[in-house]
Amino acid sequence: MSLRIVVTVKYVPDATGDRHFADDLTVDRDDVDGLLSELDEYAVEQALQIAEGADDAEVTVLTVGPEDAKDALRKALSMGADKAIHVEDDDLHGTDIIGTSLVLAKAIEKAGYDLVISGMASTDGTAGVVPALLAERLGVPQVTLLSEVSVEDGTVKGRRDGDTASEQLEASLPAVVSVTDQSGEARYPSFKGIMAAKKKPVESWDLSDLEIEAEEVGLEGAYTAVDTAAERPARTAGTIVKDEGEGGKQLAEFLASQKFI
Amino acid sequence: MAEVLVYVDHVDGAVRKPTLELLTLARRIGEPVAVALGSGAENTAAALAEHGAVKVLTHDAAEYADYLVVPKVDALQAAYEAVSPAAVLVPSSAEGKEIAARLAVRIGSGIITDAVDLEAGDEGPVATQSVFAASFTTKSRVIKGTPVITVKPNSAAVEAAPAAGAVEALSVSFSEKATGTKVTARTPRESTGRPELTEAAIVVSGGRGVNGAENFAIIEALADSLGAAVGASRAAVDAGWYPHTNQVGQTGKSVSPQLYIASGISGAIQHRAGMQTSKTIVAINKDAEAPIFDLVDYGVVGDLFEVVPQLTEEVKARKG
């Protein structure tokens, strides 16, 4: 029996670049290079490991985003995913978390799945709620924020390290899983993988393929509105001293002046 | 006055500080009605009343401990239907955000996560968020449904504001999906006796420059002299020198203390994303060119193995 794994990935502005907002207060994607969100690489890695341990499995990577988002899919394909789905539509511009989860859920249902794997959060929005939203929308168990994950006989098991406790979790498939950066180092694409990725299929779907109306997504359909976005004022230059043997004492003096001691 | 639901984060009845901060913010919008679930829920009432809860809705069932997240969503939804609040506020823990998100979809509402401030506006609550590694500050509103907003720790000062805090039993019927994800074992994290990282007023962090697990004792000693929590950069965590639960940064915890002391941390963007909203930032680093020095209120260019122990001794001496 084939195990169908869908990995949701996001194409994000490079965090080391100068990220900005556009005039309509959406993220300015033209200003900074994009790439596959680093945290999604862990999801791709776990999907590949689960697939490698299964008799018969297929890993599909899925993204919602502009034309350039194909780069994120290519990266995942070069790591070893079998095929990719790109949901792209001009009407998606400005879609918020609720809308994104709707589009992803519809695409996952259309693709067919036994297991959905996501990263713990995107490196741009960082909310970390899309996996839970997908579980809610798909009506399947969420097994999220795992630092360890395994699948056997139609059951997914994992470890979730929380603030106050570490929990062992278990759910029947189909399910939605998210993994943290502790789940295991993500592999680098090999040259062979990069060459093979060029031949792998990338399907393109738009909103009509998913039976979603334009009004349900985009800036128009958003459930939240950003009223202002202001660049944080540059911090006033602090005092910097070179330690000449009294650095600790000088620092203590500063902390005392600020009433921390 | 409109009622505002506040989801209570507690451990066996002991209310955690971010929930008390949330009550302060909730009072700017309306009358806080607290929702406390699970073992010890009723014991939260005194602390919640002391901080402004007009009502405390409680419910306990084995499901909250035995299954992940969904039973709590069912209960919060029951509270939402019973109260018809003007907003729902939830602490921005990993679990809190998941509960809030699922509730938002169920009630057809928008969600804002990780707010760092909250005010009443003409068209509903206005949430401030700190984005792109704290390089931008945005103000947002939920424009569809009842605003569901999660708020980060240290976003408001805890203020006492005694209110009735009348305890009422919440009636909850769990959905079929509530038992989908079973918690088969739970190992409580051993307490270090130090404050919780995300809640602490002072955080002392160590990075690559600490150069070994055993050397973290120097960082811990400074933290203990200040009553601070201990943090670590990703480099230190990846090297296995300190637990991942203490990691500050994009893939770890985001902290916003009154004072942040970075020792042997260069200040890569991923780390800055997790600490840049700290009120006062101090760094100790050998490398005068380290990007962390761009952020500091006070920086010492020097060897942390000299500076940190000297600072610790000085703090102890001054505290007597």
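For every chain, the first residue of its written sequence is number 1, and the numbers climb from 1 along that sequence. Chains carry letters and ligands carry numbers; both start at the beginning, A for chains and 1 for ligands, and go up in the order they are written. Where local features are concerned, this predicted model is filtered to residues with pLDDT of at least 70; where side-chain atom pairs are given and counted, the filter is 80 or more; whole-chain, interface and lining totals use all residues. In computing side-chain values, all of the structure's heavy atoms are included and hydrogens and water are not.

A short note on the confidence of the model for chain B
Low-pLDDT portions of the prediction should not be read for the details of their coordinates.
At step 1: The predictor attaches a confidence to each residue, and that confidence, scored 0 to 100, is pLDDT. Mean pLDDT over chain B works out to 95, with 100% of the residues at or above the 70 mark.
At step 2: In the model output, the complex is listed with pTM 0.94 alongside ipTM 0.95.

So, the sheet that holds strand β10 (residues 148-151) of chain B
At step 1: Two strands pair under a simple rule: DSSP has to find at least two bridges between them. For helices the rule is a DSSP run of H or I covering at least 4 residues; for strands it is a run of E covering at least 2, with both sets numbered from the N terminus onward. Taken together, the ten strands give an open sheet; going across it, the order is β12(A)-β9(B)-β8(B)-β7(B)-β10(B)-β6(B)-β1(B)-β4(B)-β5(B)-β11(B), and neighbouring strands pair in mixed fashion. The open sheet is flanked by β12 (224-231) of chain A together with β11 (166-169) of chain B, the only strands paired with a single partner. Geometrically, the sheet is characterised by an average inter-axis angle of 35 degrees between neighbouring strands, direction not taken into account.
At step 2: Examined bridge by bridge, strand β4 (residues 31-37) of chain B and strand β5 (residues 55-59) of chain B share five bridges and lie parallel to one another. Its bridge partner being in β5 of chain B, L37 of chain B is matched across the sheet by H59 of chain B. Lines fitted to C-alpha atoms define the axes here, with helix axes fitted over just the stretch in contact, and angles between the N-to-C directions of these axes take values from 0 to 180 degrees.

Some remarks on the packing of helix α4 (residues 130-138) of chain A against helix α5 (residues 94-106) of chain B
At step 1: At a minimum axis separation of 8 Å, α4 of chain A and α5 of chain B run at an interaxial angle of 40 degrees. Between α4 of chain A and α5 of chain B, the angle is such that the two are oblique. α4 of chain A and α5 of chain B meet at a crossing whose hand is right-handed. Between α4 of chain A, through A132, L133, A135, E136 and R137 of chain A, and α5 of chain B, the contact on the second element is made entirely by E98, A101, R102, V105 and R106 of chain B.
At step 2: Classification convention: Asp, Glu, Lys, Arg as charged; Ala, Val, Leu, Ile, Met, Phe, Trp, Tyr, Cys, Pro as nonpolar; all other residues, Gly among them, as polar. Among the residues forming the contact of α4 of chain A with α5 of chain B, the class breakdown is five nonpolar, no polar and five charged. Any angle between 65 and 115 degrees counts as roughly perpendicular, while under 35 counts as roughly parallel, over 145 as roughly antiparallel, and the rest as oblique. Handedness of a crossing follows from how the near helix is turned relative to the far one, being left-handed for an anticlockwise turn of less than a right angle and right-handed for a clockwise one. The contact criterion used is simple: two residues touch if any of their non-hydrogen atoms lie within 4.5 Å.

Looking at the nonpolar core
At step 1: Counting 74 residues, the largest nonpolar core has I5 and V61 of chain A as the members making the most contacts within it.
At step 2: With eight residues, helix α1 (residues 38-53) of chain A is the largest single contributor of residues to this core.
At step 3: If sequence neighbours within four positions are ignored, V61 of chain A has contacts with V7, V9, V44, L73, A76, L77, A81, K83, A84 and I85 of chain A.
At step 4: The criterion is simple. A nonpolar core is a set of buried Ala, Val, Leu, Ile, Met, Phe, Trp, Tyr and Cys residues joined through side-chain atoms within 4.5 Å. Burial status follows relative accessibility: with a 1.4 Å probe on protein chains alone, a residue under 20% of its type maximum counts as buried, one over 50% as exposed, and anything between as partly exposed. Core analysis: the second largest hydrophobic core is formed by 32 residues, A232, W241, Y242 and Y298 of chain B among them.

Notes on the UniProt feature "domain: Electron transfer flavoprotein alpha/beta-subunit N-terminal" (unreviewed entry) in chain B
At step 1: Those residues carrying the UniProt feature "domain: Electron transfer flavoprotein alpha/beta-subunit N-terminal" (unreviewed entry) are residues 4-183 of chain B in this numbering.
At step 2: Between the end C-alpha atoms of residues 4-183 of chain B there is a gap of 31 Å, over a span that is 26% helix and 32% strand. UniProt positions are given in the numbering used here, feature names are shortened, and annotations may be inferred rather than shown by experiment.

A word on a negative patch on the surface
At step 1: Residues with no salt bridge and a relative accessible area higher than 30% make up the patches, which join like charges within 9 Å and nonpolar side chains (Val, Leu, Ile, Met, Phe, Trp, Tyr) within 5 Å. To be clear on the numbers: accessible area is Shrake-Rupley with a 1.4 Å probe, and residue cover counts the displayed protein chains and nothing else. For salt bridges, the criterion is a side-chain nitrogen of Lys or Arg within 4 Å of an Asp or Glu carboxyl oxygen. The charge count includes Lys and Arg as positive and Asp and Glu as negative, but it does not include His or the ends of the chains. Working definition for charges: the position is that of NZ of Lys, CZ of Arg, CG of Asp or CD of Glu. A contiguous patch of negative charge, built from D18, D30, D31, D68, D71 and E231 of chain A, is present on the exposed surface.
At step 2: Structurally, D31 of chain A is set in the loop between β2 (11-13) and β3 (34-36).

With respect to the packing of aromatic side chains
At step 1: Aromatic rings from Phe, Tyr and Trp, taking only the six-membered ring of Trp, are treated as a pair when their centres fall within 6.5 Å; an angle between ring planes under 30 degrees marks them as stacked, one over 60 as edge-to-face, and anything in between as tilted. One pass over the structure, following the stated rule, counts six aromatic pairs over all chains.
At step 2: A centroid spacing of 5.2 Å and a plane angle of 70 degrees characterise the contact between F21 of chain A and F136 of chain B, whose relative ring orientation is edge-to-face. Residue F21 of chain A is located in the loop between β2 and β3, and its partner F136 of chain B is located in strand β9 (residues 136-142); the two belong to separate chains. Per residue, the accessibility class of F21 of chain A equals that of F136 of chain B, and both read buried.
At step 3: Ring centres of F132 of chain B and F136 of chain B lie 6.1 Å apart, and the angle between their planes is 85 degrees; this geometry places the pair in the edge-to-face category.
At step 4: The buried category is assigned to F132 of chain B, whose relative accessible area is 6%.
At step 5: An aromatic cluster of three or more residues is present, and its members are F21 of chain A together with F132 and F136 of chain B.
At step 6: Criterion for a charge above a ring: Lys NZ or Arg CZ within 6 Å of the ring centre, and within 35 degrees of the ring normal. One residue, K110 of chain A, lies across the ring of W205 of chain A, its end atom 5.0 Å from the ring centre.
At step 7: The aromatic ring of Y223 of chain A is capped on one face by K144 of chain B, whose charged end is 4.6 Å from the ring centroid.

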